[in-house]
Structure formats: structure tokens, C-alpha cells
Amino acid sequence: MPGGRLTQQERRQIASGLADGLAYAEIARRLDRPTSTVTREVMRNGGPTAYRADVAHRATERRSHRRGQAAPRGPEAAPQAHGRDAEAVREYEEVLTTVLMQSGTPKMMARVLACLCISDTGSHTASELVQRLQVSPASVSKAVAFLESQGLVRRERDERRRERYVVDDDVWYQSMMASVRGTMQVAEAARQGVGVLVPGTPAANRLENIARFLDFVSESLARAADQAREVLHTKSGPTP
């Protein structure tokens, strides 16, 4: 199995495989590469619908050049717990960030959320995030405010009275419920428009259908989230 970085020709084969609708595993088999290599390559360069071989190749060269110029500081230089591969962790963090961005999360918010999610404690102070992500305190503050508004992080004080930003096991439930509340607000706004636009007219009928659809979806999501939380949510025990 070949090692090292992907070549430009291999990236073109990946793009061709994606265009043909092949799974990552099949593309990797044809390249004689690990499936994880292909997955990381695609997700860090636009995802399966936006991947472009030449663009991905240039982006990789730029990242490599920046890493070569940078001093070994921050998370890349820090030792990893539990025998983890530092490079694999760094690459996974980049993949997770890309996936979050593709789901609609702005870039800096996605970076902060990914950083919190892969932390064993699930929390960092503002200064820790600044150091790990190599960004300004203002960028971290703005990102945390957005994530908090979406129910994705919460704030707490540690034993030294420092404010910590926390992602816990309930994060996706809280995020989904925040999304449900937003959807219900849109449904209510659509319902108000029915009276303004005169019931029975095409525009009023359209808004009424929007309201009914969003009511059904939000109620279904809330019910599913509550059921999943009750059935599937478990606390992980300590790692040996």
C-alpha cells in the first residue's frame, strides 16, 4: 500500500470516482490507499459535491508550505493523551471542522466547536482556545456567543473562577431543541401572514401550507429528540 501524500493524479482519480458516485471505500481500493485517507482528503477540500482535484492539490501545497514556515507551537506541538497519534488528531479536527461548516456553521464557530468536541474534558477557557486555534480573543468571544445562542455550548466557572466554555453529552439534544424553537417561530410568522394576505388567496394558501409543514416537522423533531435522549443517552465511564 503506497504511503506519503496524495499525488495530483490520485486527486483526479478521487474526483472522477466522486463524479461516478463511488463510495470512499471503493475509491480508496482503486488507489490502494486507506479509506480514511480518501475521506479526509475529500472532507477537507469541499466535500463530495464540491471537491475539485486541482484546487485540492493547490490547497494542500499551501497548507504544507505554511506548516513548514510555522514554529512548532500550539496543539501540534503538545503531547497527546492515551497514546493518540498527534497528526491523526490534527487531521481529524480539520475533517470535523469541514463537516460542521458544510452543515451551515460559520468557519470560526466550527473551529471552536470541533476543538471543544475532541477535548477529553469537553471544555476550554478563552485563553486556551486562543492558543490552540491561534486566533484573536475577539474571534473566540464572537464564536462562543454564536454557539451559545444555538445551544451548542454553555459557560461555567472552574475552581479558579475562570470562565470555561463547555460541550457536554447533551449538546446535540440542546442544539436540536434550539432549532425546533426557531422552526416554530417561522411557522408562527407564516401563520400570521395568512390573515394579512387574506385567507383563500394563493399567497395566503402558500403561507398556510408552510406553517402546517413546519408545525409537523418541529413537533416530530422534538418528539424524536426526547425519545432518543431517553433511550440512547448514556454516560461514558472512565477510560482505563
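Everything discussed here concerns the structure shown above.
Residues numbered from 1 in each chain as written. Predicted model: local features only at pLDDT ≥ 70, side-chain atom pairs only at ≥ 80, totals over all residues. Heavy atoms only, no water.

1. Topic: the overall build of the protein chain
Operational definition: Counting from the N terminus, the helices are the DSSP runs of H or I reaching at least four residues and the strands are the DSSP runs of E reaching at least two. Each residue is assigned to one of three classes by its accessible area relative to the maximum for its type, calculated with a 1.4 Å probe on protein chains only: buried under 20%, partly exposed between the two thresholds, exposed over 50%. By definition, residues are in contact when any of their heavy atoms lie within 4.5 Å. Note on areas: Shrake-Rupley with a 1.4 Å probe; residue coverage comes only from the protein chains shown.
For the protein chain, the count of helices and strands is ten helices and three strands. Taken from the N to the C terminus, the helices and strands of the protein chain come in the order α-α-α-α-α-α-β-α-α-β-β-α-α. Taking all 240 residues of the protein chain together, 33% fall into the buried category. The long-range share in the protein chain, meaning contacts at least 24 apart out of those at least 6 apart in sequence, stands at 54%. When the accessible surface of the protein chain is split by element, carbon and sulfur atoms take 54% of a total near 14,800 Å².

2. A short note on unusual backbone geometry
Residues other than glycine seldom take positive phi values, yet Gln134 does so here, at roughly 55°. You can see Gln134 is positioned in the loop between helix H7 (126–133) and helix H8 (137–149). For Gln134, a relative accessible area of 40% corresponds to the partly exposed category. Positive phi, normally seen in glycine, also occurs at Val198, with a value near 75°. Assignment of secondary structure puts Val198 in the loop between helix H9 (171–196) and helix H10 (202–232). Its relative accessible area of 46% is what places Val198 among the partly exposed residues.

3. Here's the deal with the nonpolar core
We count it as follows: Residues grouped as a nonpolar core are buried Ala, Val, Leu, Ile, Met, Phe, Trp, Tyr and Cys residues, joined through side-chain atoms within 4.5 Å.
Ranked by size, the top nonpolar core spans 21 residues in total, and within it Val112, Leu116, Leu129 and Leu147 carry the most contacts. Taken together, the elements giving at least two residues each to this core come down to helix H5 (86–102), helix H6 (107–117), H7 and H8. Residues in contact with Val112, not counting those within four places in the same chain, are Leu129, Leu133, Ala143, Val144 and Leu147. The next biggest cluster of nonpolar side chains, apart from the first, holds ten residues, and it includes Leu18, Val38, Val42 and Ala56.

4. Considering the packing of H6 against H7
Our working definition: Angles run from 0 to 180 degrees between N-to-C directions of axes, and those axes are lines fitted to C-alpha atoms, restricted for helices to the stretch in contact. Working rule for angles: under 35 degrees goes down as roughly parallel, over 145 as roughly antiparallel, 65 to 115 as roughly perpendicular, anything else as oblique. Only Asp, Glu, Lys and Arg are considered charged in this grouping, and only Ala, Val, Leu, Ile, Met, Phe, Trp, Tyr, Cys and Pro are considered nonpolar; every other residue, Gly among them, is considered polar.
Running from N to C, H6 and H7 point in directions that differ by 105°, and their axes come no closer than 11 Å. Judged on the interaxial angle alone, H7 and H6 are roughly perpendicular. Contacts between H6 and H7 involve Arg111, Val112, Cys115 and Leu116 on the former and, on the latter, Leu129, Arg132 and Leu133. Residue composition of the contact of H6 with H7, by class: five nonpolar, no polar and two charged.

5. So, the pattern of salt bridges
Using the following cut-off: A carboxyl oxygen of Asp or Glu within 4 Å of a side-chain nitrogen of Lys or Arg is what we treat as a salt bridge.
Considering all chains together, one arrives at 22 salt bridges under this definition. Of the charged contacts, one joins Glu94 and Arg44 as a salt bridge, the two residues approaching to 3.6 Å between their closest N and O atoms. In this pair, Glu94 is assigned in helix H5 and Arg44 in the loop between helix H3 (35–43) and helix H4 (53–69), connecting sequence segments 50 residues apart. In this pair, the class of Glu94 matches that of Arg44, namely buried. Residues participating in the shared-partner salt-bridge network are Arg40, Arg44, Glu87, Arg90, Glu91 and Glu94.

6. Let's talk about the pairing of strand S2 (residues 154–157)
To keep it simple, the criterion reads: Criterion used throughout: strands pair if DSSP finds at least two bridges between them.
Across four bridges, the pairing between S2 and strand S3 (residues 163–166) is antiparallel. Looking at S3, one finds that Glu156 is bridged to Arg164. The antiparallel pairing of S2 with S3 creates a hairpin that spans five residues between the two strands, and Arg161 there sits at a positive phi of about 70°.

7. A short note on the side chain of Asp170
Rules: Definition of a polar contact: a pair of N or O atoms within 3.5 Å, with one able to donate and the other able to accept a hydrogen when the atoms are protein atoms, and with sequence-neighbouring residues admitted only if both atoms are side-chain atoms.
Tracing the sequence through the fold places Asp170 in the loop between S3 and H9. Looking at Asp170, its side chain comes within polar contact range of the side chain of Arg229, at 2.5 Å.

8. Re the side chain of His124
Tracing the sequence through the fold places His124 in strand S1 (residues 123–125). One polar contact links His124 to Glu128, side chain to side chain, over a distance of 3.2 Å. Residues in contact with His124, not counting those within four places in the same chain, are Cys115, Leu116, Ser119, Leu129, Arg132, Arg164 and Tyr165.

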